[in-house]
Amino acid sequence: MRSGIYRHYKGMLFLVLGEATLESDDLEPAIIYQALYGDYRLWVRSKKDFLEEVSIPEYSYSGPRFCFI
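Quantities reported herein were computed from a predicted structural model and do not represent experimental measurements. (Residues numbered from 1 in each chain as written. Predicted model: local features only at pLDDT ≥ 70, side-chain atom pairs only at ≥ 80, totals over all residues. Heavy atoms only, no water.)

Enquirer: Sorry, what's going on with the pairing of strand β5 (residues 53-56) here?
Expert: Two faces make up the sheet, and in a regular strand the side chains alternate between them. A one-sided burial pattern is seen for β5, the buried positions being Val54 and Ile56 and the unburied ones Glu53 and Ser55. Sheet analysis places β5 next to strand β6 (residues 61-64), joined by four bridges and oriented antiparallel. Counted as the bridge partner of Val54 is Gly63 from β6. Linkage of β5 to β6, two consecutive antiparallel strands, is achieved through a turn of four residues, within which Ser60 is found at a positive phi near 50°. (Buried < 20%, exposed > 50% of the residue type's maximum accessible area, 1.4 Å probe, protein only. Helix = DSSP H or I, 4+ residues; strand = E, 2+ residues; numbered from the N terminus. Pairing = 2+ DSSP bridges.)

Right, dumping it as structure tokens:
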């Protein structure tokens, strides 16, 4: 996973800090990232979900949840 700035499909920017492992039965890979707006909150999401393709009709959008910019 490339570190750097990613745009969420809703338009907000996030800085990917790196990868981690979720403490679960299968030790699922996860992404640690930080919002580049508001309170600059840190987030953790499974790598599978971070990289998934989404279809969001209310945003007239179909594509990656996060896109490297």
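Enquirer: Just to check I follow, could you spell out unusual backbone geometry for this structure?
Expert: Peptide bonds are mostly trans, and most non-glycine residues show a negative phi. A positive phi is found at Leu27, a non-glycine position, where the angle reads about 50°. Counting through the fold element by element, Leu27 comes out in the loop between β2 (13-21) and β3 (29-35). Despite not being glycine, Tyr40 shows a phi value in the positive range, around 55°. Position of Tyr40 among the secondary structure elements: in the loop between β3 and β4 (42-46).

Enquirer: Sorry if this is basic, but what is going on with the pairing of β3 here?
Expert: With seven bridges connecting them, β2 and β3 associate as antiparallel partners. Within β3, the residue paired with Glu19 across the bridge is Ile31. Pairing between β3 and β4: five bridges, direction antiparallel. From the neighbouring strand, Tyr33 faces β4, where its bridge partner is Trp43. Between β3 and the antiparallel strand that follows it, β4, lie six residues; Gly38 among them carries a positive phi value of about 60°.

Enquirer: Help me out: how do you make sense of the nonpolar core in this one?
Expert: Nonpolar side chains in soluble globular proteins tend to be buried together. Counting eight residues, the largest nonpolar core is built from Tyr6, Phe14, Val16, Ile31, Tyr33, Ala35, Phe50 and Phe66. When contributions to this core are tallied by element, the ones reaching two or more residues are β2 and β3. Residue contacts for Tyr33: discarding those within four places in its chain leaves Phe14, Leu15, Val16, Leu17, Arg41, Leu42, Trp43, Val44, Arg45, Phe50 and Phe66. (Core = buried A, V, L, I, M, F, W, Y, C linked by side-chain atoms within 4.5 Å. Contact = heavy atoms within 4.5 Å.)

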